[in-house]
Amino acid sequence: MPGARVAILTVSDTASLDASADRSGPIIQSILTQNGYVCTHLQVVPDDETRIRAVVLAWCDQGDVDWIITTGGTGFGVRDRTPEAIRPLLDREASGIVHLLLNASLQATPLAALSRPVAGTIKNTLIVTLPGSVKAVQENMAALLQAGVATHALELIRGGSGQRVHADLAKEGIRIVGEGSVASGSSAGPAPSTGVGSPASRSGHIHDHDHAHLHHDHDHGHGHHTPKPRSVLSHDPALPAHTRHRESPYPLVSVAEALLTVLREVQPLPVYEEAVTSRLKGCVIAEDVFAPQNVPTTFSTNVDGYALRCDNRPPGIYKVLTSRTHNLSVPLPPGTIFRINTGGPLPAGTDAVIMVEDTRLHSTHRSPAGEEVEENEVETLAQVPRGENVREPGSDVRQGDLVLERGTVVNSAGGEIGTLAFVGRTMVRTFRKPIVALLSTGNELLDVQSPNPLPSDGWGGIWDTNRPSLQAALEGMGYEVFDLGIVPDTLEAHIGILRRGLESADLILTTGGTSMGVGDLLKPVIENYLNGTVHFGRVKVKPGKPTTFATIPTPNGRTERVPLFALPGNPASALVTFHVFVIPALRRLGGWPQDRCRLPSMRVQIQETLRLDPRPEYHRAIIRATPDGFKAYSTGGQRSSRVASLKGANGLIALPPRAEKGPSRLEIGDYIEAIVIGELQME
């Protein structure tokens, strides 16, 4: 419908690196604008399922987008994953729109049969995926906009009756089911073609479009998903040994599915007011910040020099005044100039500033002892025009200007805090940063600082590597950590320590206890004793297959439910899955925009031959920036217990799974995506 708000997402590896390569997105924007739609977003992402989903979900959650159109990634290419990214998100599929798009393209070329469009609704937003070529986009947009198809769909999704659209279509001679046959001109002939094959043109067959189900379903809670009850999959540790599972009952989910689940289940923490200090680092602004006053508030200067009234004043010798000898509100006496520092206000009546470099000392004031103490007179060596080196009020920021938007992340580089201070803000509303409760599980573990062994099988044990390394990572990102220590492999200890975490933290992070051992108690405790929900208990990824994500209710806690991540006990697995799954959850809790919750990724050129596994793999690497682009060097052996594989690593190469008939390895010089987990190095 005219005036509807549309977001356009171009999916292209090439255009994500060079926005000027995006031709389809601007074409869609132009077509929509000409037809009265308002394009609120135009963004480009690479062919990455998780990135696509994150952007689409963020737009849907904002509630200010009526229609999302994607372009690209709908074909049969290896990297064409847009349908796979969008289809799991749909609340209701729109197969009729899919048929419309295919029909429009097939009239131009039989190769359109290789296109895989998807359409439907997410909450109250219509989403349609289009091909990437400009020609196909133009054909598909014409089909969507003709005869009011898109207009009618948007009105129905918004809860309208569609009567206005029906009336408009009737005027154009298009038959509407339940309203009789309508024809413009002669009633003897068939209904006119719409250009995509009208119902009447196909041997007289009329295809009924029943809209009643859309009207009926509209108000059934698209904004909130009712929790679905599920059976408890973990075993009860209190039962006999023969009841224990011999295989994990938890289905394997893909990395994309796991991340989507995390971002859906985790919601931002409450908003509060924070003082504008260095403690804001890492917080997310929860309000639009407007300048309360002009900056600068009065005429000032951007140099060190002398303020004067130019009025064609020639170079010469002038007496020097300062703030100690002259009131700023009083005009300067004839034959004088005013010493001023960068940022200082100009005295009344002055309109230019001559730089110190364009003057020469002529005489000085002397103390009773004859020592020089201050300038008395200077000689100006140049004639400056009116306004020279003068900043007008509001020349940097005008009162009412938007200086920081809601959702801005306060970076450690200082720009955001500096902006707030620059406009005089002393307090600002931010999302609360999460507190993390951290623990390790296992009788075999020893605290490196306090090696007091727990009851075990009599062997010496191993050092707890995960807790100190994860605490360092968390605190390095600015998160407060509540250290719960090492938990013995007993039911009572697990229940007690997790309840402590629920009372004090916004996210619980554990390592170990997620596999099939007798002492692996986390999942049973979560489901059987804490009334929690395990959203996934295994992920198809290497390393990190046992990674578990759950939420636990906290009736007397600070939030309704606390997310819990149970990471594998192997050190490399724990750190890899922390960067892949836990950081997005922490960012989401802290109010980060959903499309920025994941760590950034980039295309890198690998410098070693890398073997592929049946599972997707995150290979630890060192990324270096070179004149020829970004190059990734393996850190060596990738065994999940080898934490040294992360020593110096600043990237995780996202290796694809080995296909049944595909290559078994990637070769030196191949390009692939890598997640950035640390500062990039220069070669």
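All values derive from a computational prediction rather than experimental measurement. Counting from 1, residues in each chain are numbered in the order their sequence is written. Two thresholds apply to this predicted model, a pLDDT of at least 70 for residue-level local features and 80 or more for giving and counting side-chain atom pairs, whereas whole-chain, interface and lining totals are computed over all residues. Remark: hydrogens and water are excluded; side-chain values derive from all non-hydrogen atoms of the structure.

(A) Structural context of unusual backbone geometry. Going from V295 to P296, the amide bond is cis rather than trans, its omega being -5 degrees. Under the scheme used here, helices are H or I runs from DSSP no shorter than 4 residues and strands are E runs no shorter than 2 residues, and both carry numbers assigned from the N terminus. For P296, the location among the structural elements is in the loop between β9 (289-290) and β10 (300-301). Cis geometry marks the peptide bond from K542 to P543, where omega comes out at -10 degrees. Structurally, P543 is set in the loop between β26 (538-539) and β27 (548-553). In this model, K123 sits at a positive phi of 55 degrees, which is unusual for a non-glycine residue. Considering the arrangement of structural elements, one finds K123 in the loop between β5 (119-122) and β6 (125-130). In this structure, N531 is a non-glycine residue whose phi angle is positive, near 60 degrees.

(B) Here's a closer look at the sheet that holds strand β24 (residues 507-511). Paired strands are those between which DSSP finds at least two bridges. Strand order across the open sheet formed by 6 strands is β23-β20-β24-β28-β27-β25, with mixed pairing between neighbours. Sheet topology places β23 (480-487) and β25 (533-536) at the edges, where each strand pairs with a single neighbour. Each strand of the sheet is rotated relative to its neighbour by a mean of 20 degrees, with strand direction disregarded. Sheet topology places β25 next to β27; 3 bridges connect them, and they run antiparallel. When the sheet's bridge partners are listed, F536 is paired in β27 with F549. Here, axes are lines fitted to C-alpha atoms. For helices the fit covers the stretch in contact, and angles between N-to-C directions go from 0 to 180 degrees.

(C) Quick peek at empty space enclosed by the protein. Using a grid of 1 Å spacing that covers the protein atoms alone, one calls a set of points a cavity when a 1.4 Å probe fits there but cannot get out, and a pocket when the set is open and has protein on both sides within 12 Å along at least five of seven lines; lining residues are those with an atom within 4 Å of a point. Grid points are joined across faces, edges and corners, and a volume is the space filled by probe spheres set on the points. Counting across every chain of the model gives 2 cavities of 30 Å³ or more. The computed volume of the largest cavity comes to approximately 70 Å³. In terms of lining residues, the largest cavity is bounded by L308, C310, R313, P314, P315, Y318, I354, T380, A382, Q383 and V384. Grouping the amino acids of the lining of the largest cavity by side-chain chemistry returns 8 nonpolar, 2 polar and 1 charged. In this structure, the second largest cavity encloses a volume near 30 Å³. Where the lining of the second largest cavity is concerned, the elements lending two or more residues are α3 (49-62) and α10 (255-265). A breakdown of the residues in the lining of the second largest cavity according to their chemical character gives 6 nonpolar, 1 polar and 1 charged. Amino acids outside the nonpolar list (Ala, Val, Leu, Ile, Met, Phe, Trp, Tyr, Cys, Pro) and the charged list (Asp, Glu, Lys, Arg) are all regarded as polar, and Gly is one of them.

(D) The pattern of salt bridges, seen in detail. Counted as salt bridges are all cases of a side-chain nitrogen of Lys or Arg within 4 Å of a carboxyl oxygen of Asp or Glu. A full pass over the atoms with the stated rule returns 24 salt bridges. Here D351 and R386 are joined by a salt bridge, their closest N and O atoms 3.1 Å apart. A residue pair is termed long-range when its members are at least 10 positions apart, and D351 in the loop between β13 (336-340) and β14 (352-355) and R386 in the loop between β16 (372-380) and β17 (390-391) qualify at 35 residues. Salt bridges linked by common partners bring D447, D464, R467 and D483 together as one network.

In short, geometric facts, not functional conclusions.
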